[in-house]
Amino acid sequence: MDKRVVITGLGAITPIGKNVNEFFDSIKESKCGVDFIKAFDISDFPVKLAAEIKDYNARDFLDIKESKRMEKFCQFAIIAANEAVDDSKLDINNIDNERFGVIIGSGIGGIGKIETETQVIKDRGPRRVNPLFIPLVISNMAAGNVAIKFNAKGICTNVVTACATGSHTIGEAFRNIKHGYADIILAGGAESTITPLSVAGFSSLTALSKSTDPLRASIPFDKDRNGFVMGEGAGVVVVEEYEHAKARGANIYAEIVGYGATCDAFHMTAPAPGGEGAARAIKLAINEAGITYKDISYINAHGTSTELNDKLETDAIKKVFGEDAYNVAISSTKSMTGHLLGAAGAVEAIVCVKAIEESYIPATVGYKNKDEECDLDYVPEVGRNKKLNYVMSNSLGFGGHNASLIFKSMED
C-alpha cells in the first residue's frame, strides 16, 4: 500500500537569508537580493549583476577542516542539511539509518574549482593540481558529504537536470518513500556558479540579463524582461513517511501529494512550443494528488525572466487550467533570489511549504509592465495573505526537463 509522505524539516541558505526564517522574512518583505557581482572583476563582462550570498564565510557554519575539504556548493548543502535536520528534531542515533537516505543534486557542481585548477596546471604543471580536485568538483559529492555527515546509509544519489534538479530530488524522495523504500530522505539542491567562466558561458548563450539596475534585472513575466540573473545557495528538506513522523512526534509542515516529471524532447535550451512538456508535468502532478486544477490556490512558477520561459510557462498553465488560469495566483520568487539553477526547485519548495504554513502568497517583485502574452495574475510587487490548501511548484530545465510538485496543508 502506498505511504503518505510529509515534510518535517527545512533548511536554506540563499541570497536573501542564511537560514529559513531569515529567508522567508525577506520573501514577505519583497526583498531583492540582486546586486553587482563582488566575487570577481566584472570590468570586461557584459553581465554585471547576480544574486550572491552576502558576507559569506564558511567558518561561520563549518569547522576549518570541513570547509577546506569541500567546494562552496557542498558547503551550502551541508549548511542547509544541518538546519533541516535540526529543524526536524531528528535523533540520528535513534533511527534505522539503512532506511535514511539522501537525494541532493547540483546542476553544475564545482565549476569554480575547475577554473582555478585549470590555471594551476597551466602555470605550474600537472603535479601541482590539488589532490582533492576530483572529489571537490563532482556534483554527487553534495549528497555524499551530507550522507557521511548524518550516517545516512539508505539511498544516496544525485539528480542532475539543470534548473529542474531541486524539484526532481524532492519528487524522487517522495516516490521512494511513497513506495516503501525509505523512511526519511534529505532532499534538495545546492549551487555555486557565480564564477567568471560560468557567467561568461551563460552570457554567451544570451541567457542572462544585461541590466545594470538591480531592481529591473530579474523581472519574471514583465514585458521588459531580458534574461535571468544567476543566484547561489542551497535548500534541503526532510522528507518523511507520515506514520514514522507521527510516531516520533515530529512537526509536520505539509504533505507532498503529487509529482510530475516529463521531457520536452525538443531542444537543448528552448522550451517546447505551447509549453506542452510543462503542461504534461503539471497534469501528472494533479492526477497523482487526486485533485483537480481548481483546487490549486497558488503556483510558484519557474519564472526565470527570460522571454521564452515565461511565455511558454504561461501557455502551459493556460493549457491545463483553461479560463480558470486567470483565477489562480502565480508568482516567481526568482525575482528576489535570482535563479539558483540546481538549487532553485528546492528553495522554491521551501517557499511553498512556508506559504502554506503562514497563509502568505509571495509577490513577483519588480513586475511593472504587462506583457500581452503573459496576462495572468502574477501577484505584482506586493504579497497577499490567503489561506492555502494546495500549492504547486514548477521547475523547467535546459535539456527539456520538467518537474511539478504539489504540497498540501496538514490542517485536515
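In this text, all values refer to a predicted model and were calculated from it rather than measured experimentally.

Parameters at a glance
Residues numbered from 1 in each chain as written. Predicted model: local features only at pLDDT ≥ 70, side-chain atom pairs only at ≥ 80, totals over all residues. Heavy atoms only, no water. Buried < 20%, exposed > 50% of the residue type's maximum accessible area, 1.4 Å probe, protein only. Helix = DSSP H or I, 4+ residues; strand = E, 2+ residues; numbered from the N terminus. Pairing = 2+ DSSP bridges. Phe/Tyr/Trp six-rings, centres within 6.5 Å; stacked < 30°, edge-to-face > 60°. Lys NZ or Arg CZ within 6 Å of the ring centre and 35° of its normal. Axes fitted to C-alpha atoms, helices over the stretch in contact; angles between N-to-C directions. Parallel < 35°, antiparallel > 145°, perpendicular 65-115°, else oblique. Contact = heavy atoms within 4.5 Å. Expected span 1.5 Å × (residues − 1). Polar contact = N/O pair within 3.5 Å; in protein donor to acceptor, adjacent residues only side chain to side chain. Salt bridge = Lys/Arg side-chain N within 4 Å of Asp/Glu carboxyl O.

**Side note on the pairing of strand 14 (residues 401-408)**
Move 1: Of all 8 residues that make up strand 14, 7 are buried, and the element is covered over most of its length.
Move 2: Sheet topology note: the strand 8 (residues 254-263)/strand 14 ladder contains 8 bridges and is antiparallel. The partner of Gly260 across the bridge, within strand 14, is Ser404.
Move 3: Both strand 13 (residues 390-397) and strand 14 contribute to a ladder of 8 bridges, which runs antiparallel. Looking at the pairing, Asn394 lines up with Ser404 of strand 14.
Move 4: Counting the residues between successive antiparallel strands, the hairpin from strand 13 to strand 14 contains 3 residues, one of them, Gly399, with a positive phi of roughly 95 degrees.

**Considerations on the packing of aromatic side chains**
Two measures describe an aromatic ring pair: the distance that separates the ring centres and the angle between the ring planes.
Move 1: On inspection of all chains with the given rule, the structure shows 9 aromatic pairs.
Move 2: Here Phe202 and Phe228 contribute two aromatic rings whose centre-to-centre distance is 5.5 Å and whose plane-to-plane angle is 75 degrees, an arrangement assigned as edge-to-face. Taken as a pair, Phe202 in helix 8 (residues 196-204) and Phe228 in the loop between helix 8 and strand 7 (233-241) lie far apart in primary sequence, 26 residues in all. Per residue, the accessibility class of Phe202 equals that of Phe228, and both read buried.
Move 3: Centroid distance Phe202 to Phe398: 6.4 Å. Interplanar angle 40 degrees. Geometry classified as tilted. Residue Phe202 is found in helix 8, and its partner Phe398 is found in the loop between strand 13 and strand 14; the two are separated by 196 residues along the sequence.
Move 4: Phe202 gets classed as buried once you look at its relative accessible area, which sits at 13%.
Move 5: Directly above the aromatic system of Tyr242 lies the positively charged group of Arg4, at a separation of 4.3 Å from the ring centroid.

**Quick word on the packing of helix 7 (residues 165-178) against helix 13 (residues 344-358)**
Move 1: For the pair helix 7 and helix 13, the least separation of the axes is 5 Å and the interaxial angle reads 65 degrees. Taken together, the axis directions place helix 7 and helix 13 in an arrangement best described as roughly perpendicular. Side by side, helix 7 and helix 13 meet where Gly166, Ser167 and Ile170 of the first sit next to Gly345, Ala346 and Ala349 of the second.

**Regarding helix 3 (residues 72-88)**
Move 1: The terminal C-alpha atoms of helix 3, which comprises 17 residues, lie 24 Å apart, in line with the 24 Å expected from a rise of 1.5 Å per residue.
Move 2: Within helix 3, 13 of the 17 residues are buried, leaving the element largely enclosed by the surrounding structure.
Move 3: One or two residues past the end of helix 3 sits Lys89, with phi positive at roughly 60 degrees.

**Focus: unusual backbone geometry**
Move 1: Positive phi outside glycine occurs at Thr206, with the angle close to 60 degrees.
Move 2: As for its placement among the helices and strands, Thr206 is situated in the loop between helix 8 and strand 7.
Move 3: Note on Thr206: relative accessible area 63%, which makes it exposed.
Move 4: Positive phi outside glycine occurs at Phe221, with the angle close to 70 degrees.
Move 5: Classification of Phe221 as buried rests on a relative accessible area of 0%.

**Points about the sheet that holds strand 6 (residues 184-191)**
Move 1: Read across the open sheet, the 10 strands follow the order 5-4-6-7-1-8-14-13-9-10; overall the sheet is mixed. One side of each edge strand has no neighbouring strand; the edge strands of this open sheet are strand 5 (156-157) and strand 10 (329-331).
Move 2: Here strand 9 (residues 296-300) pairs with strand 10 via 3 bridges, running parallel. Across the sheet, the residue bridging to Asn300 is Ser331, located in strand 10.
Move 3: Lying on the sheet, helix 6 (residues 141-150) is in contact with strand 4 (100-105), strand 5 and strand 6; it crosses strand 4 at an angle near 150 degrees.
Move 4: Relative to strand 8, helix 7 is tilted by about 115 degrees, and along the sheet it contacts strand 1 (5-13), strand 4, strand 6, strand 7, strand 8, strand 13 and strand 14.

**Here we look at the side chain of Ser395**
Move 1: Assignment of secondary structure puts Ser395 in strand 13.
Move 2: At 2.6 Å, the side chain of Ser395 forms a polar contact with the side chain of Ser167.
Move 3: Not counting residues within four places of it along the chain, the set of residues in contact with Ser395 comprises Cys163, Ala164, Ser167, His302, Gly345, Glu348, His401, Asn402 and Ala403.

**Here's the deal with the environment of Phe24**
Move 1: Inspection of the secondary structure puts Phe24 in helix 1 (residues 20-28).
Move 2: Residues Phe24 and Gly383, spaced 359 residues apart in sequence, show a C-alpha to C-alpha distance of 12 Å.

**What about the pattern of salt bridges?**
A side chain of one charge can pair with a side chain of the opposite charge if their charged atoms are brought near each other.
Move 1: Overall, the coordinates contain 25 salt bridges when judged by the stated rule.
Move 2: The salt bridge partner of Lys149 is Glu66, with a shortest N-O separation of 3.4 Å. Of this pair, Lys149 sits in helix 6 while Glu66 is found in helix 2 (residues 64-68), placing the two residues 83 residues apart along the sequence.
Move 3: A salt bridge links Glu240 to Arg248, with the nearest nitrogen and oxygen atoms 2.8 Å apart.
Move 4: Among the residues examined, Glu240 registers a relative accessible area of 0% and is labelled buried.
Move 5: Arg248 gets classed as partly exposed once you look at its relative accessible area, which sits at 26%.
Move 6: When salt bridges that share partners are traced, they join Asp25, Lys28, Lys354, Glu357 and Glu358 into one network.

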